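Each chain, letter by letter, is given below.
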Amino acid sequence: MNITLADLIPLLPLLITTGTVVVAMTAIGIKRNYTLTAVITIAGLLIATLSAAFLMPTTNSQVTPLMILDQYSLFFIIVTCATAMFIAIFSYPYLADLDDNKEEYFLLLGIATIGAIVMVSSNHFVSTILGLETLSMSLYGMVAYPVHSEKSAKFPLEASVKYLVLSAAASGILLFGIALVYAQTGTLQFASVVNVANVTEGLSAGFTIAALILVFIGIAFKLSLAPFHMWTPDVYEGSPLPATTYLATIGKAAMFVVLLRFIEASEALTFESFVLVVSLVATASILAGNLLALLQDNLKRILAYSSIAHMGYLLIALVASYFVQGSISVEAVTFYLVAYVIMSAGAFGVASVVSSSEREFDSIDDYKGLFWRSPWLAVVFTGMLLSLAGIPLTVGFIGKFYIFFAGVEAALWVLLAVLIIGSGIGLYYYLRIVYRMLLTDDEEQRFDVAVGNNLSSHAVLAFLLVLLVVLGVYPTPVVSIIETISTYIL
Amino acid sequence: MESIPVEHGLILAAILFSIGLIGVLTRRNIVFVLMSLEIMLNAGGLAFIVAAARWGHAEGQIMFLMILTLAAAEVAVGLGLIIQMFRRYKTVDINVLSEMKG
Amino acid sequence: MIALFYIAAIIAVIATVAVILQTNIVHGLLYLILSLLAVAVIFYVLGAPFAAVLEAIVYAGAIMVLFLFVIMMLNLGQHTRDQERKWLTPRGWIAPSIMSAILLGQLVNVMRQIDYDIVPAQVGVMEVSALLFGPYVLAVELASILLLAGLVAAYHLAKTK
Amino acid sequence: MILVWLISILFVGGVIAWLSERINPNFPRLIALITVLLDLALMLTLLGAEPSSGGWVASVEADWIPRFGISFYLAADGLSVLLLLLTGFLGVIAVGSAWDEIKERSGFFYFNLLWTLAGVLGVFAALDLFLFFFFWEVMLIPMYFIIAIWGHENKNYAAMKFFIFTQVTGMLMLVSILALAYFHYVQNGVISFNYHDLLTVQTSGSLEMWIMLGFFIAFTTKLPSVPFHAWLPDAHSQAPTAGSVILAGVLLKTGAYGLIRFAVPLFPEASMSFAPIAMTLAAISILYCAKVAFAQTDIKRLIAYTSVSHMGFVTLGVYAWNEQALQGAVMTMLAHGLSAAALFMLAGGLQHRIHTRSMPDMGGFWAKVPRMAVVALFFSVAALGMPGLGNFIGEFLALLGAFQANITLTVVSAFGLILASVYSLWVIQKIFHGEYKNSEFDDSHLTDLTRREMVYFGAMMIGLVWMGMYPQSFLAMSQPVLLELLNGTEELFAAVVQN
Amino acid sequence: MQEFIWLLPTYPLLGFLALVLTSGRLPKNIVAIIGAGSVGLSFLTAAIIAAQFLASGEDYFVKEVWTWMAVGDFTPGFNFYLDGLSLVMMLVITGVGFLIHMYATGYMADDPSYSRFFSYMNLFVAAMLMLVLGDNLVLLYLGWEGVGLCSYLLIGFWYTNPDNGYAARKAFVVTRVGDTAMALGLFLLFAELGTLNIQDMLHAAELEWEVGNGLAVAAALLLLGGAVGKSAQLPLQTWLPDAMAGPTPISALIHAATMVTAGVYLIARTHILFELAPSVQMLVAWIGLITLLLAGFIALTQSDIKRILAFSTMSQIGYMFLALGVGAWSAGIFHLMTHAFFKALLFLASGSVILSLHHEQDIFKMGALRKKLPVSFFSFLIGSLALTAFPFTSGYFSKDEILIAAHGLEGPGMIFFFGGVLGAFLTGIYTFRLFFIVFFGESKAAHPPEKEYGGWNMNGPLILLMILSLVGGFFAIPLDAVFGQHEEHHVSTLMHGFMIAVPLIGIGISAAFFYFKIWSVEKLMASSLAQTLHKFWHSGWGFDWLYDRVFVFPFLWLARINKADLVDGFYALIVEISRAANSMIVKTQTGYIRWYALSIAAGVVVLITVGVML
């Protein structure tokens, strides 16, 4: 299973991204030029996206034991690269005024994307770990990026240290768990842990379950599932907005793909107690996330808490996959992830557009009266928030519909009840933000919304809004794609 | 040839892991925290080596290599952050990093 | 060999405990190196000489030196020892210890039923390398990317403006 | 196809109205008026349409999300057409009532108004349950905006409450819809959300009951019925007049429509065994809310509670499930649509003039605003169920039918008629009778109804009289639909009554 | 012409619409023409129709105008039914109604809301005609509620005084209690008999139910509920005295001549049903008897001229109920008619008195008006005589028939008879008490009248009504086809003499007290028993007091304590819980890394415990 030339073709997106990083690094080495670096990165990511889109219909190959490049992977490579590109576009104006070297940021962003690509196409623990750590390592850098800037009002250092320490601890747990799984199955490939032919004698189911739980916890931390969620708000708040966006979208999506593949391949859900554990985590996440966000006034923290809840929703679909014939729950997870990426990117994107590295507008009071000051941004933001709340005409609704469908088919009534309660609480804090935007006292002009100076960011927002609505109203094309690709997971 | 029960190896790893965890939870000096993290990662590595030995594989060792790599990178970034932290706060007390809460 | 395993294990545990109990940071680091070396011995006993060597060279050597550098840079002198003593209140140990003890108990509980003895067989550099530069060549490349990420991040973070 | 037009005209009109504000602040209301009039005119053509075999005068079906067997399936029969017309009519009224009241950001206002109406039309016409749910939710957001932006002092709370209540219970309904679709899948091997397909699903036992409850709770929240009514007084009292008109006149009716069209026909057996509880809730709604209404001092809150009370007759009628009762429910929906809307407009008009809704501050307005007084009297009297006006037909038929199903609860509910007279006359007394006291407010703007207002009220009065004197023109439209729904299930209910 | 029976309610309805739509912009004389003229037209039409109908010799006549609603078997229509009973009613309503309208054109001349007044009046006449002409109970119910509404509107006509509003609402709500019972009766009848067309329904009832059938009893009871409400009989009588707050023509038209007798009409109309439920019929008689006595006692103690008349009305309707209860259907209706004449007369006359005295209603502030107000005096004289059944006045014949019929009844007949006679005795006393106090003695008026108020338009109706009151007893009303031939009752001459004499004795006693002043009221009132009784009777036997405490206060109390809606509180609680949960859980976000790590460790421990141990 050595690598061959033919294997390189499916790896094209990965190679292109890597190439982008190398080119960008070289360019920096020759002469620092912020715009050039950004353009290289954005262009590279665009090409990577396109190449993945080009490859997607035909590709289905295992490249070395480490990576599987099937349609599912490529689909998420598209999502990942495209989102990374969008974030790069958001980052450019955001960092433009940073009084420090700005170019390395795009390197980190590129490298993080490499990590994400590896993760979404990983069905092997080695590539999982490598992808995950590459992603995390870059994110440490991105989170702490403005650390030298005196003007930065936020706490990038604190956020980064928190993220690093806790993430490393979680990695330790994950690694330990993988080791235990490996001790049992004898392979680092994702493989069934049930009825392994050469099970070590005397090995109880408890061992397997403990191992699975440790792995799950390691992943749950990255997904910020309760009770491993506490880092999330602090890191989100402290990071520069584009980094937060990255963390919240690609960081989550890639990790969930890994979890999905691992759970499906390992058949972990055949253990009832494991199902119980996952259900408990889902319940705790939904309730904790929504309750924490309830009266929060910081936008980034709200979105952080809400992401905890959203990951909980996703877990419901994941649990359902065990009870349901067919691929519906995988589709549910997939669609919801896409929806979540779109709406999170959009929501953070709006905040990014009005913020800069020197001044972030992340209190919901900053958005008072936005509807009247900048209807365009307000509409985008409202759309994203309503989508997060799962209101029709938006993609979030279809996503939630999927999850409900999976849950009903699996007869997960308790979890559905939790989902409903959670969503009900969720409405409150999403609407709180929307309401702020509707307020009419615009005595205090908190920020100028000049569309002109970052037109590309607005274009991205427009694109996301269109996606949000189109997928919310006529999701059929994407639904059929997801239906097709989901078969690769099972 | 004499043999070692595999559970002894794993239990050793678990013990080291737990000690590392205690360190992370207890120490306020961030350098110690980082060291404790290394202990945890190392315990993971040990577990891999034990498992590899149980299967007679080389794969576990490769995984250990990767852990080594990531530990190195993590320490590099972590120490970089510690330097910045010390510059800003003149302390290595991890508790100063608690400005964001709620 | 068996005895070596257990001796090394005991040393590793004691040394590790010493690490987290230390108030002097340099002493702590030295204990950590001791612990890592003991683990390296265990690796060797378990038939992983390559890993053992790397543990000794990279871990105990390179990485720990990095720590030392930083400690020196920060110039954590005598006063930090007093500070450490102040921070390490007995009460602070209770919850973490109990928690970890329970965790350990649980892990031991699930592990103790394993009824398999390792007969260490040497899996040497050859096998590992063959694998590493065969099927796992991508991992090597990815590891380089990982290190690159660490490099860029560390460079950016650690530099003075 | 006409149904698609009806809905899309509103959607597009809304967007145009919004955009047109940039050109001239007076354009939005004009465009909104044209849009709703156009819609109303289009609806009138439905009256002449020849019904197909199933009684559908118009229908359109297209694939939407084939993965789930979801289709874009709109169809209207007599019942739907009635409610569509009500919506169209009240749409015109609502635009009219907002004409002078909404000065700020009128573009966005009319956008929301039209979109709400579009959602409501969709609800009344959708025969795919997913589509139904889709529209069910679509109408909430613009309504939320209407309350939250143009509402009164406590608008945030009210809008939020409205939204969360309807949304959360909506999710219960979603679960029920999905469960039903799933059972269809299990039984037939295909997923379908088509109403006709789902009617064939065999469910039974406690599961059917649970699924039915999902629908029931969603619908009775919108209706609303005790104990899910708590959102309504706040929403109504805080909403701007046009919002209240739409809320009371149309939005509440979606719940009733849902009960008739979905909740009972889809689950005849569960509904049957649940009927006594539903009717009990109805009776409690009627009495309890009439009593609470009486206690209110905020005139809009009062009217809101009376709405709950009146809608109790609808629930009562639906769960009595015989022809008289159902016709009664339908007539109550229509008549209450007009009378409640008119009362809210009056309250809104008063608030607009004297900037208070507090009844203790009012009194003796008859001399000052005689036309308004007469109009108010008319609609109060309509609300208390005066024969000759539409509400009477509805409540009388509902009670008449209910009497055949459950005597005790009918007797209890009938006390609502007494309480209705208590609170209705109390309102008239507090506002229009008694001594004129102008120390409590600035009465410089207390002017009588304008000619334009009189046109709207006149239209609604004619409507109510028409309903009251010749309800046959409405009953005839809904009759075939109701008979079809009753077909086969009526005996089921009747059997329960016997036992 | 019979075909045009629908014109009867239409004229006043058009009048109503014309007056409402012009909303007070018309000059008063035009308003008067429209208001009174429409009713006049109705009366003319009614008269012609009546003549034709009587000439045709038909028993009944049905005119179907349109189907109101057709819901399954339930198909009430706007159909008019004319037979002897409705004929009488329609003539009384339009005839007396027209006279009162006439009178009102003068009486209300100074009122700024002239047009409003006539619009209500017209609406009332229209509704009342619907009530009596409807061929089905739903249409009847329409009229029934319609007159109730007009009653409400007219009682509260002078709306600036909150007391009037209260009286109006009380009237409406109290009668609505009865109406609701009646509606339930309708439901029951429809559910059991499948139709609400009166004749069909009665026919079906006869076929389906035996005498004494429980359902028949229930249905009759429920209809009776409606009747007692509308006709101010026990136990729903409390609203009528307060209803006197309205302008006096209203009291004459609605609260004396027409609307309050609707209950009598209803029972007569559905008499077959009551015959099927003898126990209920007996109850009707008892209610009538008790009410007539109670009202009589109350009337003795009142000082407000209109209230006295109101209690007298209540009492007279008691007689009608008594007649119905003993099966003397025709007698009841006959008394209804004569009562309409003389009570309208009395009320209108009292109106003249009141206006002449500048809105003074207390009889103790009048006196010696005989000379000053001659028309009123004669009106009162004739009205009072008819009311006390002075021989050969109209009241005499009708009351006679009732008492004789009561006398002829088996069982409690004698009680009814003597009770009725006692009532007549009381009537004599209180009627002439009023008469003597107002028109004789010394003037106690604050503003003694200069001259009698009113021109030909007020005096004309009075004179006509005087004539009717005198000769009304000789009208033969064509009720035999409706109720069948009633058996002739006879009483001995002695008894007859007794019946005639007792009211005269009452008059005599009254004269002794108030005209000749042989006896002194003050002396009588000296005893504490008398005072207590006076107080008790004056308050209407404490019914208001009782109802306030049993119904009104608890309702108000409930309304007060639960203004904020208990159910809402429940949801508020949920919100509070969420907030509390939020504030608790937010405390976990301490910001300390080690705490976060601890939570991870705890999570690991818990999850492994759950996963492995469970």
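Worth saying up front: this structure is predicted, and the values here are computed from it rather than measured. (Residues numbered from 1 in each chain as written. Chains lettered and ligands numbered in written order. Predicted model: local features only at pLDDT ≥ 70, side-chain atom pairs only at ≥ 80, totals over all residues. Heavy atoms only, no water.)

Visitor: Looking at this structure, I do not really get the overall build of chain B. What am I missing?
Guide: Check the secondary structure of chain B and you find three helices and one strand. For chain B, whose C-alpha radius of gyration is 17 Å, the value lies well above the compact-globule estimate of 13 Å for 102 residues. Considered along the principal axes of its C-alpha atoms, chain B spans approximately 55 × 25 × 25 Å. Here chain B, with 102 residues, has 82% of them falling under the buried criterion. Residue pairs at least 24 apart in sequence account for 49% of intrachain contacts in chain B once pairs closer than 6 positions are excluded. Summing over all exposed atoms, chain B offers an accessible surface of approximately 2,000 Å²; the carbon and sulfur share of this is 55%. For chain B, the distance from the average site of its 7 positive side-chain charges to the average site of its 7 negative ones is 17 Å. (Helix = DSSP H or I, 4+ residues; strand = E, 2+ residues; numbered from the N terminus. Rg over C-alpha atoms; globule rule 2.2 N^0.38 Å. Buried < 20%, exposed > 50% of the residue type's maximum accessible area, 1.4 Å probe, protein only. Contact = heavy atoms within 4.5 Å. Areas by Shrake-Rupley, 256 points an atom, 1.4 Å probe, with all protein chains shown as cover. Lys, Arg positive; Asp, Glu negative; His and termini not counted. Charge placed at Lys NZ, Arg CZ, Asp CG, Glu CD.)

Visitor: Looking at this structure, how should I read the overall build of chain A?
Guide: What chain A contains, in helices and strands, is 19 helices and two strands. A buried classification covers 76% of the 490 residues belonging to chain A. For chain A, restricting intrachain contacts to residue pairs at least 6 apart in sequence, the fraction spanning at least 24 positions comes to 81%. Charged side chains of chain A number 18 positive and 30 negative; the gap between the two group centres comes to 7 Å.

Visitor: What is the right way to look at a nonpolar patch on the surface in this model?
Guide: Residues D:Trp466, D:Tyr470, E:Met1, E:Phe4, E:Trp6, E:Ile48, E:Val65 and E:Trp66 make up a contiguous nonpolar surface patch of about 730 Å² in total accessible area. Of note, E:Phe4 is situated in the segment before helix 1 (7-22). On the accessibility criterion, E:Phe4 (39% relative accessible area) is partly exposed. (Patch = residues over 30% accessible without salt bridge, like charges linked within 9 Å, V, L, I, M, F, W, Y side chains within 5 Å. Salt bridge = Lys/Arg side-chain N within 4 Å of Asp/Glu carboxyl O.)

Visitor: Just checking my understanding: could you explain the interface of chain B and chain C for this structure?
Guide: Every contact between the two is made by 70 residues of chain B and, on the other side, 79 residues of chain C. Buried area between chain B and chain C, both sides added, is near 6,800 Å², and the carbon and sulfur share of it is 80%. Between C:Glu84 and B:Arg27 there is a salt bridge, with the nearest N and O atoms lying 2.5 Å from each other. Breaking the side of chain B that touches chain C down by element, the ones donating at least two residues are strand 1 (4-5), helix 1 (6-26), helix 2 (30-55) and helix 3 (59-89) of chain B. Counting residues per element, the side of chain B that touches chain C draws most heavily on helix 3 of chain B, at 23 residues. Direction of pairing for strand 1 of chain B relative to strand 1 (residues 117-118) of chain C: antiparallel, over a ladder of two bridges. (Buried area = accessible area lost by both parts, 1.4 Å probe. Pairing = 2+ DSSP bridges.)

Visitor: Looking at this structure, how should I read the interface of chain D and chain E?
Guide: Frequently, the measure chosen for interface size is the accessible area removed from exposure when the parts meet. Of the residues lining the interface, 61 residues belong to chain D; the matching set on chain E comes to 50 residues. Carbon and sulfur atoms supply 70% of the area that chain D and chain E bury against each other, a total of about 4,800 Å² over both sides. The three residues of chain D that bury the most area against chain E are D:Lys291, D:Phe396 and D:Phe403, which together make up 12% of that side's buried surface. Viewed at the interface, chain E and chain D are joined by one salt bridge.

Visitor: It is not clear to me how the arrangement of the chains should be interpreted in this structure. Could you clarify?
Guide: With eight pairs of chains in contact overall, the contact-richest pair is chains B and C. Separated throughout, chain B and chain D approach each other most closely at a C-alpha pair spaced 24 Å apart. Kept free of each other, chain C and chain D leave a smallest C-alpha distance of 38 Å between them.

Visitor: What should I look at first to understand the side chain of E:Arg269 in this one?
Guide: Considering the arrangement of structural elements, one finds E:Arg269 in helix 11 (residues 262-269). When residues no more than four places from it in sequence are discounted, the contact partners of E:Arg269 are E:Tyr81, E:Asp83, E:Leu85, E:Ser86, E:Val132, E:Ile198, E:Gln199, E:Leu202 and E:Val482.

Visitor: Would you mind showing me how to read the nonpolar core here?
Guide: Here is a general trend for soluble globular proteins: nonpolar side chains tend to be buried in one another's company. Within the largest apolar cluster, 808 residues are counted, with the highest numbers of intra-cluster contacts made by D:Phe193, D:Phe215, D:Tyr319 and D:Phe379. Setting aside residues up to four positions removed in sequence, D:Phe379 forms contacts with D:Ser339, D:Ala342, D:Leu343, D:Leu346, D:Phe457, D:Met460, D:Met461 and D:Leu464. (Core = buried A, V, L, I, M, F, W, Y, C linked by side-chain atoms within 4.5 Å.)

Visitor: Explanation requested: the environment of E:Ala47 in the structure shown.
Guide: Residue and element names in this part refer to chain E. Structurally, Ala47 can be placed in helix 2 (residues 28-56). Judged by relative accessible area, which is 29%, Ala47 ranks as partly exposed. With 510 residues separating them in the primary sequence, Ala47 and Trp557 have C-alpha atoms 53 Å apart.

Visitor: Explanation requested: the pattern of salt bridges in the structure shown.
Guide: When their charged atoms lie close together, side chains carrying opposite charge are able to pair. All names here are of chain A. Throughout the structure, instances matching the rule amount to 33 salt bridges over all chains. A salt bridge links Asp365 to Arg436; the shortest N-O distance between them is 2.6 Å. In this pair, Asp365 sits in the loop between helix 13 (328-354) and helix 14 (370-373) while Arg436 sits in helix 17 (residues 413-438), placing the two residues 71 residues apart along the sequence. Relative accessible area serves as the criterion here: at 26%, Asp365 is assigned to the partly exposed category. Arg436 sits in the buried class, given a relative accessible area of 15%.

Visitor: Whenever I open this one, the packing of helix 16 (residues 370-383) of chain D against helix 19 (residues 451-469) of chain D confuses me. Can you help?
Guide: When two helices pack together, their arrangement is given by the angle between their axes and by how far apart the axes lie. Residue and element names in this part refer to chain D. Between helix 16 and helix 19, whose axes approach to 11 Å, the crossing angle comes to 30°. One element, helix 16, and the other, helix 19, form an angle in the roughly parallel class. Crossing handedness for the pair helix 16 and helix 19: left-handed. In this structure, helix 16 uses Arg371, Val375, Phe378, Phe379 and Ala382 to contact helix 19, whose residues at the interface are Met454, Phe457, Met460, Met461, Leu464 and Val465. By residue class, the composition of the contact of helix 16 with helix 19 is 10 nonpolar, no polar and one charged. (Axes fitted to C-alpha atoms, helices over the stretch in contact; angles between N-to-C directions. Parallel < 35°, antiparallel > 145°, perpendicular 65-115°, else oblique. Left-handed = near helix turned anticlockwise from the far one by under 90°. Nonpolar A, V, L, I, M, F, W, Y, C, P; charged D, E, K, R; others polar.)

Visitor: For this particular structure, what's the right way to read helix 2 of chain E?
Guide: Residue pairs spaced three or four apart in an α-helix point in one direction, given the helix's 3.6 residues per turn. Residues and elements named next belong to chain E. Along its 29 residues, helix 2 runs 41 Å from first to last C-alpha, staying within 8% of the 42 Å computed at 1.5 Å per residue. When the local axis directions of helix 2 are compared, the greatest deviation, roughly 30°, occurs at Gly37. Immediately downstream of helix 2, the backbone of Gly57 shows phi near 75°, a positive value. (Expected span 1.5 Å × (residues − 1). Bend = angle between axes of the 7 residues up to and from the residue.)

Visitor: Explanation requested: the packing of aromatic side chains in the structure shown.
Guide: For any pair of aromatic rings, geometry is given as the distance between the ring centres together with the angle between the planes. Summed over all chains, the structure comprises 121 aromatic pairs over all chains. Ring geometry for E:Phe377 versus E:Phe378: centroids 5.3 Å apart, planes at 70°, classification edge-to-face. On the basis of relative accessibility, which here comes to 43%, the residue E:Phe378 falls in the partly exposed class. Directly above the aromatic system of B:Phe32 lies the positively charged group of B:Arg27, at a separation of 3.7 Å from the ring centroid. In this arrangement the basic side chain of D:Arg105 is found over the ring face of A:Trp372, its NZ or CZ atom lying 4.0 Å from the centre. (Phe/Tyr/Trp six-rings, centres within 6.5 Å; stacked < 30°, edge-to-face > 60°. Lys NZ or Arg CZ within 6 Å of the ring centre and 35° of its normal.)

Visitor: Explanation requested: the pairing of strand 1 (residues 58-65) of chain D in the structure shown.
Guide: Within a regular strand, side chains alternate between the sheet's two faces. Residue and element names in this part refer to chain D. Where strand 1 and strand 2 (residues 70-76) come together, seven bridges link them in antiparallel fashion. Opposite Ala62, over in strand 2, you have Phe72 as the bridge partner. From the end of strand 1 to the start of strand 2, which pair antiparallel, there are four residues, and Gly69 there has a positive phi angle of about 65°.

Visitor: How do you make sense of the environment of B:Leu79 when you look at a structure like this?
Guide: Turning to its location among the elements, B:Leu79 is positioned in helix 3. Exposure remark for B:Leu79: the relative accessible area of 3% places this residue in the buried category. Along the sequence, B:Leu79 and B:Phe48 sit 31 residues apart, while their C-alpha atoms lie 26 Å from each other. In contact with B:Leu79, not counting residues within four places along its chain, are B:Leu34, C:Leu66, C:Phe67 and C:Val70.

Visitor: I'm lost on the confidence of the model for chain B in this one. Help?
Guide: Note: predicted coordinates in regions of low pLDDT should not be interpreted at a detailed level. In the predicted model, chain B carries a mean pLDDT of 89, and 99% of its residues have values of at least 70. Here the predicted complex scores 0.91 on pTM and 0.92 on ipTM. (pLDDT = per-residue confidence, 0-100.)

Visitor: Which parts of the structure should I look at to understand empty space enclosed by the protein?
Guide: Vacant regions in the atomic arrangement are exposed by a probe of water-molecule size rolled over the atoms. Residues and elements named next belong to chain D. The full count for this structure, using the stated rule, is 16 cavities of 30 Å³ or more. As for the largest cavity, its lining consists of Leu302, Ile303, Thr306, His310, Leu343, Ser380, Ala383, Tyr423, Ser424 and Val427. The greatest single-element share of the lining of the largest cavity, amounting to four residues, is contributed by helix 13 (residues 299-320). Residue classes in the lining of the largest cavity are distributed as six nonpolar, four polar and no charged. (1 Å grid on protein atoms, 1.4 Å probe; cavity = no way out; pocket = protein on both sides within 12 Å on 5 of 7 lines; lining within 4 Å. Points joined across faces, edges and corners; volume = space filled by probe spheres on them.)

Visitor: How should I be thinking about the packing of helix 4 (residues 71-95) of chain A against helix 5 (residues 103-120) of chain A in this particular structure?
Guide: All names here are of chain A. Helix 5 packs onto helix 4 with a crossing angle of 165° between their chain directions and a minimal axis gap of 9 Å. As the angle between them shows, helix 4 and helix 5 are arranged roughly antiparallel. Crossing handedness for the pair helix 4 and helix 5: right-handed. Residues Ser73, Phe76, Ile77, Thr80, Cys81, Ala84, Ile87, Ala88, Ser91, Tyr92 and Leu95 of helix 4 form the contact with helix 5, whose own contacting residues are Tyr105, Phe106, Leu109, Thr113, Ala116, Ile117 and Val120.

Visitor: Hey, could you run me through the confidence of the model for chain A in this one?
Guide: Looking at chain A, the pLDDT average stands at 89 and 94% of residues meet or exceed 70. Summarising per-element confidence for chain A, the mean pLDDT is lowest in helix 1 (residues 5-8) of chain A (82) and highest in helix 5 of chain A (94).

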